[in-house]
Structure formats: structure tokens, C-alpha cells
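These are the residues of each chain, in order.
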Amino acid sequence: MRLRHKTAVLFFCAWLLCGSAQARLHEVIFCGERIPVDNNFVATKLMNVIRKQVPVVNLPRLRQQANTWFPVFERYLSRHGLPMDLKYIPVVESGFTNATSHAGAAGYWQLMPETARGQGLTVNDVIDERNDIAKSTDAACRLLKTYYSQIGVWALTLAGYNFGISNISKAIKRQGSNYFSMQLNPETALYVYKIIAVKELFEYPELYMKDFGYNVFNADARPVNTGGGSDNDEEFRSMSVKVMSKTTKAAKVKLSYYSAHIENARKFSDGDLVKIIFDEDIYTSSGLSRKGYGFKATGWLIDGRVFIDLNMGHELTVLAMDNQKGIPLAELKTNKKTEVILRQEEQADTE
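Residue positions within a chain follow its written sequence, with the count starting from 1. At least 70 in pLDDT is required for a residue's local features to be given in this predicted model, at least 80 for side-chain atom pairs to be given and counted, and no such filter applies to totals for whole chains, interfaces and linings, which use all residues. Hydrogen atoms and water are omitted, and side-chain values are computed over all heavy atoms in the structure.

### A closer look at the overall build of the protein chain
Inference 1: In terms of helices and strands, the protein chain carries eleven helices and 13 strands.
Inference 2: Buried residues in the protein chain amount to 49% of all 351 residues.
Inference 3: Should any heavy atoms of two residues lie within 4.5 Å, those residues are counted as being in contact. Partitioning the contacts of the protein chain with sequence separation of at least 6, the portion at a separation of at least 24 is 62%.
Inference 4: Counting every atom, the protein chain has about 16,900 Å² of accessible surface; 48% of that belongs to carbon and sulfur. The secondary structure listing takes helices from DSSP runs of H or I that are at least 4 residues long and strands from runs of E that are at least 2 residues long, numbered from the N terminus. Using a 1.4 Å probe on the protein chains alone, a residue whose accessible area is under 20% of its type maximum counts as buried, one over 50% counts as exposed, and one in between counts as partly exposed. Each accessible area is a Shrake-Rupley estimate made with a 1.4 Å probe; only the visible protein chains count as cover when residues are assessed.

As C-alpha cells, this is what we get:
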């Protein structure tokens, strides 16, 4: 069950490129498209965007709002046959506020007046249906579906959502269809990166917490160094998450599941180490780990669940018995031995 695909290790800072540290690679995928982070420029830009989100964005509030509104967005995305990852657009566009931009865009999806009217919404001095969550979400879905049918690549579809479909179409004719190598206006050049960065922080928080030094989704937590989040701050000097990519489309993944348990975590506090014991033999890219093998890993408390970083990227993820990532804190607090699932991801043969 060894991983057979070739991997490329990327370190965020130049000084770290010379190091010998080893870590499992984390693939960055958005809307089923693998982001080309084997390109150092792309990876560095994405890591920069991720780390810069933390000191300037109220992540605890955004996550709380997301828990309320993501189910609504997901229903409409599903109805239109669109990728669930598009639910992150309003996080970047509006931060879940019905604000109106200086350009005139409004609502969670920040639709321009003429664009909204073109999707059948009423926008006048009395009624503005861009602020109606159901109608605006439905309109945004129809718009995104239309854009994607014209462009066929999600990264460029999002760029068109930000820049205007005619503008991005002209840019494609001049520069080709690779968003990550195009020369665009500064806002659009960062737009897709910001949406991907939010997805990464929301879906894989355990992979990034060690770089920030505290739980960025805990409103009561504080960074170790409170120097303001500049590029020279110690806690933001580098991102140790290693990322890789080889092709445009995401590879097929084989999932395997193994049993394990957590011991003596009844006194767990946010950021503590927890001890995980394998209950059966597991082959990983590091080799064979026998039944009974145990090691400690850091846990982070988010939404009442403890997310555990095994330092193995996607390869091995800790799931609760309900097959969800994150172990309910109540289970750790009441059980001397908490049963968990280890989900292993491997690239499937594509011959």
C-alpha cells in the first residue's frame, strides 16, 4: 500500500529550501482542479495569502457565520450541479455581510446591479433582491454555471466573476487559459488565491495551526508573538505545510480505513498533545506501523471538536466514529479510551 507517485517538496522560505526536514505533502484542490503548487511562485503566493488572512480577518466570526450559511449555499449549489467549493466565494466577497461596495456591488455574493437584473433579480430604489439570501444565491449559481460553460476552468470562472466575463475572455485570448500564469489587475490576480486560502484554513485547520502558534478559530486565543502580522514576525516567518501538484485535474484517490484509539485525553485543552494508538497494522509512505504503535499529536478545538494533526497531510486523517473529521470534545472528556478512525488516502492506479 505504498504511495507510488513522485512528489515535489516545497518549502515556503529560501533558507528552508536547504533544510533536510521531511513531511507528508498536502495537495491543494479546488472544485476538482488541482492547483499547480509544484510551481514555487504559485505555492509561495498561496502560502503568503493564507498567512496574511490570519492577522486581518476575524476567522472565529467567519467560521460561526459559515456554520449558519454554508448549508444554504450547498443546497443551491447542489440544485445547480455545481462544486461545493463555490460556497467560499461569499466569505471573500462580503464576509457574510450585506454591504455595498464602492463600485455598487451588494449582498453576500456582491452582485452588480445590471448583473443581478440580468439574472432576474429586482434592483431599484425600493427593492434590492441582492440582499435576499435565497434569490441572490440562486442568481449567483446560475451566473457561475453560465461562466463555467463558456470558459471550462473553475479558476478562470472565478476570475471572470471578479473581473467580468468579457474582460477575462479578452485576457484569455491574449495570454492563454492558465490563471496562475496570467498578468491581471492586482485584485483579480489575488482573488482566486484568497478563495482557495479560505477553503484551506476552513477544511484543513490542523495542518496550519502550528505555523501560527495558536488556534486561529478560537476567539480567546492569542498568538505567541503579537507584533502585528508583518512579514518579519517570527510566527509568520514560514509555512511548514508542504504542497505538491503534477496535473491539472485531481487524481483518483483510494480510501482505506483503520481503527485506532486515543488514550487518557480527559484533561485535554486546546493545543494539547493527544496519544493515538493504532489498533491494527497500517502501511504508510513511511513503512509499516504495527498494531499497538502509539505516538502523540497536537489537537485543536474547533466547533466543539478536536482536530488532530498527524503531520501526514492528506495521507492519514483522524476521524470520529461518525466518520467526520474532528473528535467531539465531550467524548474525550468522558472516555479513558476514545475510539477513532484513521482514513488513509492513496492515489489509485490510473492505467
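### Focus on the pattern of salt bridges
Inference 1: We count a salt bridge whenever a side-chain nitrogen from Lys or Arg sits within 4 Å of a carboxyl oxygen from Asp or Glu. Considering all chains together, one arrives at 14 salt bridges under this definition.
Inference 2: Where Asp 309 meets Lys 210, a salt bridge forms, and the shortest distance between an N and an O atom there is 2.9 Å. Taken together, the residues span a long stretch of sequence, with Asp 309 in strand β10 (residues 305–309) and Lys 210 in helix α10 (residues 205–212) at a distance of 99 residues.
Inference 3: For the salt bridge of Lys 337 with Glu 339, the shortest nitrogen-to-oxygen distance reads 3.8 Å.

### What about the layout of surface pockets?
Inference 1: Size it by volume and the largest pocket reaches roughly 910 Å³.
Inference 2: In this structure, the largest pocket is lined by 36 residues; those nearest its centre are Tyr 88, Phe 202, Glu 203, Tyr 204 and Lys 325.
Inference 3: Among the elements of the structure, β1 (25–27), α3 (59–79), α9 (186–203), α10, β10, β11 (316–319) and β13 (337–347) are those that each provide at least two residues to the lining of the largest pocket.
Inference 4: Ranked by residue count, the leading element in the lining of the largest pocket is α3, at six residues. Here a cavity denotes grid points, spaced 1 Å and computed from the protein atoms alone, that fit a 1.4 Å probe unable to get out, and a pocket denotes an open set having protein on both sides within 12 Å along at least 5 of 7 lines; residues with an atom within 4 Å of a point are the lining. Grid points are joined across faces, edges and corners, and a volume is the space filled by probe spheres set on the points.

### Notes on the side chain of Glu 206
Inference 1: Following the sequence through the fold, Glu 206 ends up in helix α10.
Inference 2: Its relative accessible area of 5% is what places Glu 206 among the buried residues.
Inference 3: Here a polar contact is taken to be a pair of N or O atoms separated by no more than 3.5 Å, where protein atoms must pair a possible hydrogen donor with a possible acceptor and residues adjacent in sequence count only if both atoms sit in side chains. A distance of 3.1 Å separates polar atoms of two side chains, one belonging to Glu 206 and the other to Lys 325.
Inference 4: Dropping the residues within four chain positions of it, Glu 206 is found in contact with Trp 300, Phe 307, Ile 308, Asp 309 and Lys 325.

### Topic: a nonpolar patch on the surface
Inference 1: For patch detection, residues must exceed 30% relative accessible area and be free of salt bridges, and they are connected within 9 Å for like charges or within 5 Å for nonpolar side chains (Val, Leu, Ile, Met, Phe, Trp, Tyr). Taken together, the side chains of Val 253, Leu 255 and Tyr 257 define a hydrophobic patch exposed on the protein surface, amounting to about 270 Å² of accessible area.
Inference 2: Within the secondary structure, Leu 255 sits in strand β5 (residues 253–263).

### A closer look at empty space enclosed by the protein
Inference 1: Tallied over the full model, the rule gives one cavity of 30 Å³ or more.
Inference 2: By volume, the largest cavity amounts to about 50 Å³.
Inference 3: Forming the boundary of the largest cavity are Glu 206, Leu 207, Ile 308, Asp 309, Leu 310, Asn 311, Met 312, Gly 313, Leu 316, Thr 317 and Val 318.
Inference 4: Of all elements in the fold, only α10, β10 and β11 reach the threshold of two or more residues within the lining of the largest cavity.
Inference 5: A total of three residues in the lining of the largest cavity trace back to one element, the largest contributor, which is β11.
Inference 6: Residues are sorted three ways: Asp, Glu, Lys and Arg are charged, Ala, Val, Leu, Ile, Met, Phe, Trp, Tyr, Cys and Pro are nonpolar, and all the rest, Gly among them, are polar. Across the lining of the largest cavity, the residue classes tally to six nonpolar, three polar and two charged.

### Regarding the packing of helix α6 (residues 133–151) against helix α7 (residues 154–163)
When two helices pack together, you describe them by how their axes are tilted relative to each other and by the distance separating the axes.
Inference 1: Orientation is described by axes fitted as lines to C-alpha atoms, over the contacting stretch for helices, and by angles from 0 to 180 degrees between their N-to-C directions. Put simply, α6 and α7 touch, their axes get as near as 9 Å, and they point 125° apart. With respect to their mutual orientation, α6 and α7 come out oblique. As α6 packs across α7, the resulting crossing turns out to be right-handed. Together, Ala 140, Leu 143, Leu 144, Tyr 147, Tyr 148 and Ile 151 of α6 and Trp 154, Leu 156, Thr 157, Leu 158, Gly 160 and Tyr 161 of α7 make up the contact between the two elements. An angle counts as roughly parallel when it lies under 35 degrees, as roughly antiparallel when it exceeds 145, as roughly perpendicular when it falls between 65 and 115, and as oblique in every other case. Here a crossing is called left-handed whenever its near helix is offset anticlockwise from the far helix by less than a right angle, and right-handed whenever the offset is clockwise.

### Observations concerning the confidence of the model for the protein chain
Inference 1: The pLDDT averaged across the protein chain works out to 85; a share of 83% of its residues lies at or above 70.
Inference 2: As a per-residue quantity, pLDDT reports the predictor's confidence and falls between 0 and 100. Of the regions scoring below 50 in pLDDT, residues 1–23 engages in 49 contacts with residues more than four places distant in sequence or in other chains.
Inference 3: Counting interchain partners and residues more than four positions distant, the pLDDT-below-50 stretch residues 224–237 has 21 contacts.

### Let's talk about the packing of α9 against α10
Inference 1: Running from amino to carboxyl end, α9 crosses α10 at an angle of 95°, the nearest separation of the two axes being 6 Å. Between α9 and α10, the angle falls in the class roughly perpendicular. Side by side, α9 and α10 meet where Glu 200, Leu 201, Phe 202 and Glu 203 of the first sit next to Pro 205, Glu 206, Tyr 208 and Phe 212 of the second.
Inference 2: Residues of the contact of α9 with α10, tallied by class, amount to five nonpolar, no polar and three charged.

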